[in-house]
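Structural features, examined
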Amino acid sequence: MKPTLTSCIRALTLSGLFAAAPMATLAQSANDLAGPSATPSVLASDAEDSDDLLGINKQQSWLEWKAGVKERTGLDFGIDYNVLGYKASSSLGEDNTASGVLRIFGTWELLNRGQANSGKLVFKFENRHAFTNVPPTEFGSELGYAGLVSSVFSDQGTKTTNFYWKQDFAQGRGTVYAGWLDVTDYTDVYALASPWSGFSNLAFQTGSGTIGGLPDGSLGVMVGGFLSDNYYVAASFVDANGDPTDPLAGFDTLFNDFETFKTLEFGWTSGPDALFVDNAHVTLWQIDERTAAGTPSGYGAAFSYSKVIDNTWLPFIRGGWSKDGGSLYETALSAGFGYTTNPGQNLLGAGLNWSRPNEDTFGSGLDDQYTLEVFQQWQLTEGIELTPSIQVIKDPALNPTKDTVAMFGLRLRAAF
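Below or above, wherever it landed, is the structure these notes cover. Quantities reported herein were computed from a predicted structural model and do not represent experimental measurements.

What follows covers the overall build of the chain. Check the secondary structure of the chain and you find six helices and 16 strands. Computed over its C-alpha atoms, the radius of gyration of the chain comes to 20 Å, within 12% of the 22 Å expected for a compact globule of 416 residues. Counting over 416 residues, the chain shows a buried share of 57%. The contacts of the chain with a sequence gap of at least 6 include a subset with a gap of at least 24, amounting to 64%. Accessible surface for the chain amounts to roughly 16000 Å². Of this, 59% is attributable to carbon and sulfur atoms. Across the chain, the centroid of the 25 positively charged side chains sits 5 Å from that of the 46 negatively charged ones.

Let's shift gears to the nonpolar core. Within the largest apolar cluster, 35 residues are counted, with the highest numbers of intra-cluster contacts made by Phe 139, Leu 143, Tyr 177, Leu 181, Tyr 186, Phe 261 and Met 407. Every element with two or more residues in this core is listed here: strand 1 (75-88), helix 4 (139-143), strand 5 (174-181), strand 9 (279-287), strand 12 (329-339) and strand 16 (404-415). At three residues, the largest contribution of residues to this core is made by strand 1. In this structure, Leu 143 is in contact with Ala 88, Ser 90, Ser 91, Leu 92, Ile 393, Pro 396, Asn 399, Val 405 and Met 407, ignoring residues within four places of it in sequence. Among the nonpolar cores identified, the runner-up in size contains nine residues, and Ala 203, Phe 204, Leu 347 and Phe 375 belong to it.

Let's shift gears to the environment of Ile 287. Structurally, the position occupied by Ile 287 is in strand 9. On a C-alpha basis, the gap between Ile 287 and Ala 240 in space is 7.0 Å, while along the polypeptide they are 47 residues apart. Every residue in contact with Ile 287, bar those within four places of it in the chain, is listed here: Gly 212, Gly 213, Ala 240, Thr 260, Phe 261, Ser 297, Gly 298 and Gly 325.

Another point: the side chain of Glu 382. As for its position among the elements, Glu 382 is in the loop between strand 14 (369-379) and strand 15 (384-394). Within the buried core, Glu 382 has no salt-bridge partner, and the shortest N-O distance to an opposite charge, that of Arg 413, equals 10 Å. Not counting chain neighbours up to four residues away, the residues in contact with Glu 382 comprise Glu 48, Asp 49, Ser 50, Asp 52, Ile 56 and Asn 57.

For the rest of this paragraph, the subject is the pairing of strand 16. In this structure, strand 1 lies alongside strand 16, joined through nine bridges in antiparallel fashion. When the bridges of strand 16 are listed, Gly 85 appears paired with Leu 410. Pairing between strand 15 and strand 16: 11 bridges, direction antiparallel. Opposite Glu 385, over in strand 16, you have Arg 413 as the bridge partner.

Let us look at the environment of Ser 228. Tracing the backbone shows Ser 228 in the loop between strand 6 (218-226) and strand 7 (231-239). Sequence separation between Ser 228 and Arg 173 is 55 residues, and the spatial gap between their C-alpha atoms is 9.0 Å. A polar atom in the side chain of Ser 228 sits 3.2 Å from the backbone nitrogen of Tyr 231.

Moving on, we come to the layout of surface pockets. Its boundaries defined by the atoms lining it, the largest pocket holds a volume of some 1100 Å³. The wall of the largest pocket is formed by 49 residues, among which Leu 148, Ser 151, Leu 202, Gly 213 and Leu 214 lie closest to the centre. Elements with a minimum of two residues in the lining of the largest pocket: strand 3 (119-130), helix 4 and helix 6 (359-362). Ranked by residue count, the leading element in the lining of the largest pocket is strand 3, at three residues. A per-class count over the lining of the largest pocket returns 17 nonpolar, 21 polar and 11 charged.

Turning to the side chain of Arg 290, a few remarks are in order. Inspection of the secondary structure assignment puts Arg 290 in the loop between strand 9 and strand 10 (298-306). Although Arg 290 is buried, it forms no salt bridge, and the closest oppositely charged side chain is Glu 259 at an N-O distance of 6.2 Å. Apart from the residues within four sequence positions on either side, Arg 290 is in contact with Gly 213, Ala 240, Asn 241, Glu 259, Thr 295 and Gly 325.

A surface patch of nonpolar side chains, about 580 Å² in accessible area, is lined by Phe 266, Val 282, Leu 284, Phe 303, Tyr 305, Ile 317 and Leu 333. Counting only elements with at least two residues in the nonpolar patch, the list comes to strand 9 and strand 10. With respect to the element layout, Phe 303 can be found in strand 10.

A word on the packing of aromatic side chains. If you walk through the whole model with that rule in mind, you get 20 aromatic pairs. With a centroid separation of 6.4 Å and 55 degrees between ring planes, the pair formed by Phe 163 and Trp 180 is classed as tilted. One end of the pair, Phe 163, is in strand 4 (residues 157-169); the other, Trp 180, is in strand 5, with 17 residues separating them in the sequence. Classification of Phe 163 as partly exposed rests on a relative accessible area of 34%. Geometrically, the ring pair formed by Phe 226 and Tyr 232 is edge-to-face, given 5.7 Å between the ring centres and 65 degrees between the ring planes. Over the ring of Trp 196 we find Arg 103; its NZ or CZ atom is 4.1 Å from the centre of that ring.

Phi is positive for Ala 170, which is not a glycine, with a value near 55 degrees. Looking at where Ala 170 falls in the secondary structure, it is placed in the loop between strand 4 and strand 5. Its relative accessible area of 45% is what places Ala 170 among the partly exposed residues.

Here is what the cut-offs are and how they apply
- Residues numbered from 1 in each chain as written.
- Predicted model: local features only at pLDDT ≥ 70, side-chain atom pairs only at ≥ 80, totals over all residues.
- Heavy atoms only, no water.
- Helix = DSSP H or I, 4+ residues; strand = E, 2+ residues; numbered from the N terminus.
- Rg over C-alpha atoms; globule rule 2.2 N^0.38 Å.
- Buried < 20%, exposed > 50% of the residue type's maximum accessible area, 1.4 Å probe, protein only.
- Contact = heavy atoms within 4.5 Å.
- Areas by Shrake-Rupley, 256 points an atom, 1.4 Å probe, with all protein chains shown as cover.
- Lys, Arg positive; Asp, Glu negative; His and termini not counted.
- Charge placed at Lys NZ, Arg CZ, Asp CG, Glu CD.
- Core = buried A, V, L, I, M, F, W, Y, C linked by side-chain atoms within 4.5 Å.
- Salt bridge = Lys/Arg side-chain N within 4 Å of Asp/Glu carboxyl O.
- Pairing = 2+ DSSP bridges.
- Polar contact = N/O pair within 3.5 Å; in protein donor to acceptor, adjacent residues only side chain to side chain.
- 1 Å grid on protein atoms, 1.4 Å probe; cavity = no way out; pocket = protein on both sides within 12 Å on 5 of 7 lines; lining within 4 Å.
- Points joined across faces, edges and corners; volume = space filled by probe spheres on them.
- Nonpolar A, V, L, I, M, F, W, Y, C, P; charged D, E, K, R; others polar.
- Patch = residues over 30% accessible without salt bridge, like charges linked within 9 Å, V, L, I, M, F, W, Y side chains within 5 Å.
- Phe/Tyr/Trp six-rings, centres within 6.5 Å; stacked < 30°, edge-to-face > 60°.
- Lys NZ or Arg CZ within 6 Å of the ring centre and 35° of its normal.

Structure below.
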């Protein structure tokens, strides 16, 4: 049987919004509310055999040993190292940036192992470090761009982005997370949303830049599930002041400050096995005023629609609107596509975004911006991905002397 784009996206992003099974298979359950960059999803993807370009797999014995550990104990874990660098055509300051991220992540199934209503501990520990004066997450300001050209490659040091209990219920049709959560794992996700394997610019990720806060490593709860084979709902409540570099401080900031970030998402899909590729959803969010951060309360809505065509193309249209809340944009609209000729081996992504910067965040009187991002991902060996990319920014809002700025990037992921 010829591989399809559905199997490609599953191989690259691992699971549907509620899918626990590896994306390279057609079978999915509805019990894993996890986007493409969530820990269960990354584990499932890394466990799949890749149709790599060079046909090299030097990790077979290591992978077999890990599989044995999982079978005996329920512990599934992975390690990866990621690097991203950009070179800009012009800037207001620095014209290059690079950062690396070491991650150790896993799940430990401790309750009802292998059954529908299982429970597991989910964890992810990271060290994010810059190689240049300015990390990629702060590089936009060097270009006069009101936005994030990269959402994760920072210089934050050691942090805990996941440490929560995941409990499935209703025979796997629903799930609850409780602990330290990364809201981008389950909020407004789609197949190309992962900053580790898909688009780098936040304009093509969660909320298209219109959701304020987006806490990671924050103490809270998420609950979601399928209401039928086609309709699902998910809601979350987390600490808006969560600091993943000091997770235990979350007890103080949540219960004493009680400044929170809330989401509610309603979605439709043609079936749980196609959740990421045939999907339409609306996400509502609200964030309280954060006194220490000096940001006002706010709220907004985001939407997304994607559809697989001819088992090769994955067009999408996404956008959002916000009222205050520290968001990057008041309004944004993104459209683009994914394309593959050999699922699991290569993936082309292209997206175009229009955005109106948030006046409360950047000031008034700023021009609208246009951002184009194109990336080409190649699976070189069983554990190594290489992704060259380009971002072109038209009318950067904070650099009125420049009409266009281009960035040429390269991302590498080595997984073990």
